[in-house]
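Observations on the model geometry
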Amino acid sequence: MMAQDQATCENCANTMTVVSWGGAYQNSQVKAYIEPYKAMHPELTVVMDESSAESVAKMRAMAEAGNVTWDLVDTLASDAIRMCDEGLVMEFDDIDAVLAPAPDGTPASEDFGDLLINDCFVPQIVYSTTFGYRTDVADWGGKVPTTVCDVFDLETFPGKRALQKRPIDNMEWALYCDGVAKEEIYDVLGTDEGIERAFNKLNSIKDQVVWWTAGAETPQLLADGEVVIGSTFNGRLFSAIVEQNQPIAMLWDMQDFDLDGWTIPADLPEDRLNRVLDFLYFATDTQRLADQAQYISYGPARSSSAPLVGFSEVLGVDMAPHMPTDPANATNTHLYDYGWWADHRDDLDAKFQAWLTQ
């Protein structure tokens, strides 16, 4: 289905429930394209839901109950693959019929390129999960962390750590810091011995870990001095450093690159689907994705958006050095294997939760 002309939206629902992650990231979405879209469509009420971290489980439950209340869901690439495989979200037969071309006429399929990793997923941003640390920790003797493996060094860098309450990231970092080469991580993690090896490495810091589930938690834990180093999404740390002037610095080593983007629940009623498609066409065009980078340090998924990212009049800073893709920050990065996690996530989630209770 083609998106409706932006001046009108015929047979479109007047309410739309958008699911996202809360915090600075959700605010960047609201400012960059939800508020501008609402200004064009004053009849529309947008309801924001901050349940993206639980999107797979909740979508499964809604589908089973036959009552899907969400209209547009922001999700991780790996979760989009899972939901697509299970028929929970809509497949796009022709992405160029749904998304706007670049200003020079380049089709969306070429503009997004390899980031269109799945037929159900429309990428918005490239972000990373990485570490922030306090810059004023007295008992570090003037030293600062320089590699991700310093997170596992309690002797040189004592203090509480914050890690996300999920296997993704943590298992990869654990194996890497136990001596596994980056290119071999998933081969090793695909064995029972590799899983045990990752858990053993995490055991070395487990009693010093505060587990988080929402991206805003680590910046707050750092600001409050409850942890000295912690993982979260790079944009959340950017907000704490640049906007809140917190004594926090970034540790970019082995940052985990990932994609975040939109999925549409399967089998929406026609009026709701029309509204979502109309919004999606607008919200993922070249200018809107570049506008989002005015508010948060995530790289836009469109190639045509990148040249439009520069000095942020909103924040008063040059955004490029704060992007995870900036060459100075990307000397040692890790790329997710989306297919691997889609195949193994449920099993490792269960094992990870069992390990947490041990």
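Residues numbered from 1 in each chain as written. Predicted model: local features only at pLDDT ≥ 70, side-chain atom pairs only at ≥ 80, totals over all residues. Heavy atoms only, no water.

Some points on the overall build of the protein
Within the protein one finds twelve helices and twelve strands. If you line up the protein on its principal axes, its C-alpha atoms span 65 × 45 × 35 Å. Classification of the 358 residues of the protein by burial places 56% in the buried group. Pairs at least 24 residues apart make up 75% of the contacts formed inside the protein by residues separated by at least 6 positions. Per element, the accessible surface of the protein, about 14500 Å² overall, is 47% carbon and sulfur. A distance of 7 Å separates the average location of the 22 positive side-chain charges in the protein from that of its 59 negative side-chain charges. (Helix = DSSP H or I, 4+ residues; strand = E, 2+ residues; numbered from the N terminus. Buried < 20%, exposed > 50% of the residue type's maximum accessible area, 1.4 Å probe, protein only. Contact = heavy atoms within 4.5 Å. Areas by Shrake-Rupley, 256 points an atom, 1.4 Å probe, with all protein chains shown as cover. Lys, Arg positive; Asp, Glu negative; His and termini not counted. Charge placed at Lys NZ, Arg CZ, Asp CG, Glu CD.)

With respect to the state of the cysteines
Under the definition given, this model contains three disulfides. Each disulfide pairs two cysteine sulfurs, and for Cys9 the partner residue is Cys12, the sulfurs being separated by 1.8 Å. Disulfide Cys9-Cys12: torsion about the S-S bond near -70 degrees, hence left-handed. By relative accessible area, which is 13% here, Cys9 ends up buried. The exposure class assigned to Cys12 is buried, which follows from its relative accessible area of 12%. In this model Cys149 forms its disulfide with Cys177; the gap between the sulfur atoms is 2.3 Å. Its S-S torsion of approximately -95 degrees makes the covalent link between Cys149 and Cys177 left-handed. Here Cys149, found in the loop between strand E4 (122-134) and strand E5 (161-164), pairs with Cys177, found in the loop between helix H5 (170-176) and helix H6 (185-189); they are 28 residues apart in sequence, far enough to count as distant. Take Cys149: its relative accessible area is 27%, and that puts it in the partly exposed class. (Disulfide = S-S within 2.5 Å.)

Side note on the packing of aromatic side chains
Overall, the coordinates contain 20 aromatic pairs when judged by the stated rule. Measuring from centroid to centroid gives 5.6 Å for Trp212 and Phe233, while their planes differ by 85 degrees, and the two rings are edge-to-face. Within this pair, whereas Trp212 is found in strand E6 (residues 209-212), its partner Phe233 is found in strand E7 (residues 229-233), the two being separated by 21 residues in sequence. Judged by relative accessible area, Phe233 falls into the buried class, the value being 9%. These aromatic residues form a ring-pair network of at least three members: Trp21, Tyr25, Tyr127, Trp212, Phe233 and Tyr298. Its guanidinium or amino end placed over the ring of Trp355, Lys206 lies 4.3 Å from that ring's centre, counting from NZ or CZ. (Phe/Tyr/Trp six-rings, centres within 6.5 Å; stacked < 30°, edge-to-face > 60°. Lys NZ or Arg CZ within 6 Å of the ring centre and 35° of its normal.)

A closer look at empty space enclosed by the protein
Under the definition given, this model contains three cavities of 30 Å³ or more. Its volume calculated, the largest cavity comes out at about 80 Å³. Along its surface, the largest cavity is lined by Trp21, Tyr25, Leu76, Ile125, Tyr127, Phe233, Arg236, Asp260 and Tyr298. (1 Å grid on protein atoms, 1.4 Å probe; cavity = no way out; pocket = protein on both sides within 12 Å on 5 of 7 lines; lining within 4 Å. Points joined across faces, edges and corners; volume = space filled by probe spheres on them.)

Describing the packing of helix H1 (residues 23-40) against helix H10 (residues 270-283)
Two numbers describe how H1 lies on H10: the axes approach to 10 Å, and their chain directions differ by 120 degrees. Comparing the axis directions of H1 and H10 gives the class oblique. The element H1 and its partner H10 pack so that their crossing is right-handed. Every residue of H10 that contacts H1 at Tyr33, Ile34, Pro36, Tyr37 and Met40 is listed here: Arg275, Asp278, Phe279, Phe282 and Ala283. Looking at side-chain class alone, the contact of H1 with H10 contains eight nonpolar, no polar and two charged residues. (Axes fitted to C-alpha atoms, helices over the stretch in contact; angles between N-to-C directions. Parallel < 35°, antiparallel > 145°, perpendicular 65-115°, else oblique. Left-handed = near helix turned anticlockwise from the far one by under 90°. Nonpolar A, V, L, I, M, F, W, Y, C, P; charged D, E, K, R; others polar.)

Topic: the pattern of salt bridges
Within the structure shown, the criterion is met by 17 salt bridges. Of the charged contacts, one joins Asp169 and Arg166 as a salt bridge, the two residues approaching to 3.0 Å between their closest N and O atoms. Comparing Asp169 with Arg166, the two get one shared label, buried. (Salt bridge = Lys/Arg side-chain N within 4 Å of Asp/Glu carboxyl O.)

As for the pairing of strand E3 (residues 72-76)
Two faces make up the sheet, and in a regular strand the side chains alternate between them. Counting buried residues along E3, five of its five residues qualify, which places the element largely inside the surrounding structure. Every second residue of E3 is oriented toward a common face, with Leu72, Asp74 and Leu76 on one face and Val73 and Thr75 on the other, all of them buried. Where E3 meets strand E8 (residues 248-263), four bridges bridge the pair, whose relative direction is antiparallel. Bridged to Val73 within E8 is Thr263. (Pairing = 2+ DSSP bridges.)

Focus on H1
Helix length check: H1 (18 residues) gives 25 Å between terminal C-alpha atoms against 26 Å at 1.5 Å per residue, within 8%. When the local axis directions of H1 are compared, the greatest deviation, roughly 45 degrees, occurs at Val30. Taken residue by residue, H1 has Ala24, Tyr25, Gln26, Ser28, Gln29, Val30, Ala32, Tyr33, Ile34 and Tyr37 as its buried positions. (Expected span 1.5 Å × (residues − 1). Bend = angle between axes of the 7 residues up to and from the residue.)

What about the nonpolar core?
Counting 46 residues, the largest nonpolar core has Phe131, Phe152, Met171, Leu189, Leu202 and Trp341 as its most contacted members. At the level of secondary structure, the elements contributing two or more residues to this core comprise helix H3 (77-85), E4, H5, H6, helix H7 (192-203), E8 and helix H12 (338-356). Of all the elements, H12 adds the most residues to this core, at eight residues. Aside from chain neighbours lying at most four places away, what touches Leu202 is Phe152, Leu163, Asn170, Met171, Ala174 and Trp355. (Core = buried A, V, L, I, M, F, W, Y, C linked by side-chain atoms within 4.5 Å.)

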